[in-house]
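Examination of the molecular architecture
Here is how the chains run, residue by residue.
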Amino acid sequence: SQYSAVDTNPLSVYIMQPIWNKIIKLVPLWIAPNLLTFSGFVMILVNYFLISFYDWDYTASGTSPGLVPTWVWLFSAFTTFCAYALDSIDGKHARRTQSSTPLGELFDHGLDSWATSIFVLSFFSVCSRDNGKTGVSVYTMYIYLSIVLFNFMCSHWEKYNTGVLFLPWGYDISQVVLIAAYLLTGALGVEVWQKPFLFGYYITDALVILLIGFSLFLSFPQTLYNIHRAHLKKTLKNDSLYEGVLPLVSPLLLFVLLTVWVVLSPSNILAKQPRLFLWMVGVAFSNVICKVIICQMSSTRPERFHWFLFPLALVVYAAISGLLGWTEEAVLAILTALVTAAHVHFGVCVGRQLSEHLNIYIFSLKKRVQE
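Residues numbered from 1 in each chain as written. Predicted model: local features only at pLDDT ≥ 70, side-chain atom pairs only at ≥ 80, totals over all residues. Heavy atoms only, no water.

Further remarks concern the overall build of the protein chain. When you go through the protein chain residue by residue, the secondary structure sums to 13 helices and two strands. Against the 2.2 N^0.38 benchmark of 21 Å for 371 residues, the protein chain shows a C-alpha radius of gyration of 21 Å, consistent with a compact globule. C-alpha extents for the protein chain along the principal axes are approximately 60 × 50 × 45 Å. Burial status across the protein chain gives 51% buried among its 371 residues. Of the contacts made within the protein chain by residues no fewer than 6 positions apart, 80% connect residues no fewer than 24 positions apart. By element, 70% of the accessible surface of the protein chain is carried by carbon and sulfur atoms, the whole surface being about 17,900 Å². Of the side-chain charges in the protein chain, 22 are positive and 20 negative, and the distance between the mean point of each set is 7 Å. (Helix = DSSP H or I, 4+ residues; strand = E, 2+ residues; numbered from the N terminus. Rg over C-alpha atoms; globule rule 2.2 N^0.38 Å. Buried < 20%, exposed > 50% of the residue type's maximum accessible area, 1.4 Å probe, protein only. Contact = heavy atoms within 4.5 Å. Areas by Shrake-Rupley, 256 points an atom, 1.4 Å probe, with all protein chains shown as cover. Lys, Arg positive; Asp, Glu negative; His and termini not counted. Charge placed at Lys NZ, Arg CZ, Asp CG, Glu CD.)

Before going further, it helps to spend a moment on the environment of Trp193. Its location among the elements puts Trp193 in the loop between α7 (169-188) and α8 (203-232). Between the alpha carbons of Trp193 and Val126 there is a distance of 7.7 Å; along the sequence they are 67 residues apart. Among the polar contacts made by the side chain of Trp193, one reaches the side chain of Thr185 at a distance of 2.9 Å. (Polar contact = N/O pair within 3.5 Å; in protein donor to acceptor, adjacent residues only side chain to side chain.)

Another point: the packing of helix α6 (residues 138-162) against helix α9 (residues 241-264). The angle between the axes and the distance between the axes are what describe a pair of packed helices. It is the contact of α6 with α9, at a shortest axis distance of 10 Å, that shows an interaxial angle of 170 degrees. When the axis of α6 is compared with that of α9, the two are roughly antiparallel. Counting all contacts with α6, which are made through Tyr139, Tyr142, Ser146, Met153, Trp157, Tyr160 and Asn161, the residues of α9 involved are Glu243, Gly244, Val245, Pro247, Leu248, Pro251, Phe255, Leu258, Thr259 and Val262. The class makeup of the residues in the contact of α6 with α9 is twelve nonpolar, four polar and one charged. (Axes fitted to C-alpha atoms, helices over the stretch in contact; angles between N-to-C directions. Parallel < 35°, antiparallel > 145°, perpendicular 65-115°, else oblique. Nonpolar A, V, L, I, M, F, W, Y, C, P; charged D, E, K, R; others polar.)

Another point: the confidence of the model for the protein chain. When pLDDT is averaged across the protein chain, the result is 90; 98% of the residues are at 70 or more. Looking at the elements of the protein chain, mean pLDDT is at its lowest for strand β1 (residues 5-6), recorded as 77, and at its highest for helix α12 (residues 309-320), recorded as 97. (pLDDT = per-residue confidence, 0-100.)

A few words now on the packing of α6 against α8. At a minimum axis separation of 10 Å, α6 and α8 run at an interaxial angle of 15 degrees. On the basis of their axis angle, the class for α6 and α8 is roughly parallel. Taken as a pair, α6 and α8 cross one another with a handedness that is left-handed. Contact residues: Tyr144, Ile147, Val148, Phe150, Asn151, Cys154, Trp157, Glu158, Asn161 and Thr162 in α6; Leu207, Val208, Leu211, Ile212, Ser215, Ser219, Phe220, Thr223, Leu224, Asn226, Ile227 and Ala230 in α8. Residues of the contact of α6 with α8, tallied by class, amount to 14 nonpolar, seven polar and one charged. (Left-handed = near helix turned anticlockwise from the far one by under 90°.)

What follows concerns the packing of aromatic side chains. This model, assessed by the stated rule, comprises 24 aromatic pairs. Arranged with centres 6.1 Å apart and planes meeting at 80 degrees, the rings of Tyr58 and Phe124 form a pair that is edge-to-face. Here the residue Tyr58 occupies a position in the loop between α2 (33-54) and α3 (60-63), and Phe124 occupies one in helix α5 (residues 102-127), the gap between them amounting to 66 residues. For the residue pair Tyr58 and Phe124, the accessibility class agrees, reading buried in each case. Judged by centre distance (6.1 Å) and plane angle (10 degrees), the ring pair of Tyr142 and Phe255 falls under stacked. A residue pair is termed long-range when its members are at least 10 positions apart, and Tyr142 in helix α6 and Phe255 in helix α9 qualify at 113 residues. On the accessibility criterion, Tyr142 (4% relative accessible area) is buried. (Phe/Tyr/Trp six-rings, centres within 6.5 Å; stacked < 30°, edge-to-face > 60°.)

With 99 residues, the main nonpolar core has Phe123, Leu254, Trp261, Phe277 and Leu312 as its most contacted residues. What Leu312 contacts, discounting residues up to four positions off in sequence, is Leu254, Leu257, Leu258, Trp261 and Leu335. (Core = buried A, V, L, I, M, F, W, Y, C linked by side-chain atoms within 4.5 Å.)

A cluster of nonpolar side chains, Val13, Tyr14, Ile15, Ile19 and Phe81, forms an exposed patch at the surface whose accessible area comes to about 470 Å². Sorting elements by how many residues they give to the nonpolar patch places helix α1 (residues 10-24) first, with four residues. Here Val13 shows up in helix α1. Since its relative accessible area comes to 36%, Val13 is described here as partly exposed. (Patch = residues over 30% accessible without salt bridge, like charges linked within 9 Å, V, L, I, M, F, W, Y side chains within 5 Å. Salt bridge = Lys/Arg side-chain N within 4 Å of Asp/Glu carboxyl O.)

Spanning 25 residues, α6 covers 36 Å between terminal C-alpha atoms, matching the ideal 36 Å at 1.5 Å per step. Burial within α6 is extensive, with 21 of its 25 residues counted as buried. (Expected span 1.5 Å × (residues − 1).)

A positive phi angle, near 50 degrees, is found at Gln98, a position not held by glycine. Mapped onto the elements of the fold, Gln98 is located in the loop between α4 (70-96) and α5. One non-glycine residue, Lys234, adopts positive backbone phi at about 60 degrees. Examined against the element boundaries, Lys234 turns out to sit in the loop between α8 and α9. Under the relative-accessibility criterion, Lys234 is labelled exposed at 76%.

Right, here's the structure in full:
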């Protein structure tokens, strides 16, 4: 299906787009658009692992403010800006080099679905874990991450039903806020997050309120409105309600299972291993959404239950019934490694199949030679 996206965000249209149009002129024409997409993703990963190295359990900012060096925050601002820029110009560059393909679209959205959680997980190091005085609790982190992923899911569920991707306003705003937050932290130190800034509220409170407000009162209603409008215009892709809501089944079941584990875990797994658990949430979500994106692009029906729900249900049952006992953390670590490996494997396989099918290389503009 032909790719179509609509961007109505004033920040994007009036401020960011003119900047991207200048930056794109610097990109040599022989560079493949997918290389831009992938470079941005690699920068996000490098930044995430760098922060993890200094702050594995999200306590550095709250307990020992100088633990993460200033250059790391400045580097975070730089990599976030680069990733944001590369993600914004890859499509323009594809049109410029006349190399727009379904592979490029899937590559872009697939990596975005994973990057979304990594952005959030990196940001948690800035505001740190709750230490009794300041910071956010690990449960707030989990809810925060879930809301961001829910937003991402909504825009692709909407595209599955309408055929048009309405770019969520939250995207540009969140990227600009992230970059500003890192710069602020680099300039003033993490202490800036630990002092009330208005009426006894902390900046983190304001951000959480903004995020929830944006999701529940702007993004989600907009999604429903766009689907409703397509229904009135008779342009919906799926006739039945069942077909329309099918892509939501797996992500919602995934969320239910994970939440049950978080709430009922005997060893309080989220508090013990927040970084592992939240990473696993992000990867599992990305894999579920990638399948929805593929169905939406190929006009096929999504499977009712994603394969990962079965092993996850077993693990959750074993954990909350006390069967796992003291091995719960080890099992989480193994599960996280397996899910990450499976997701990477899935991405590589789909990329290979598409590049063979479309007779193109993923990271080069040269055509494949027909055997």
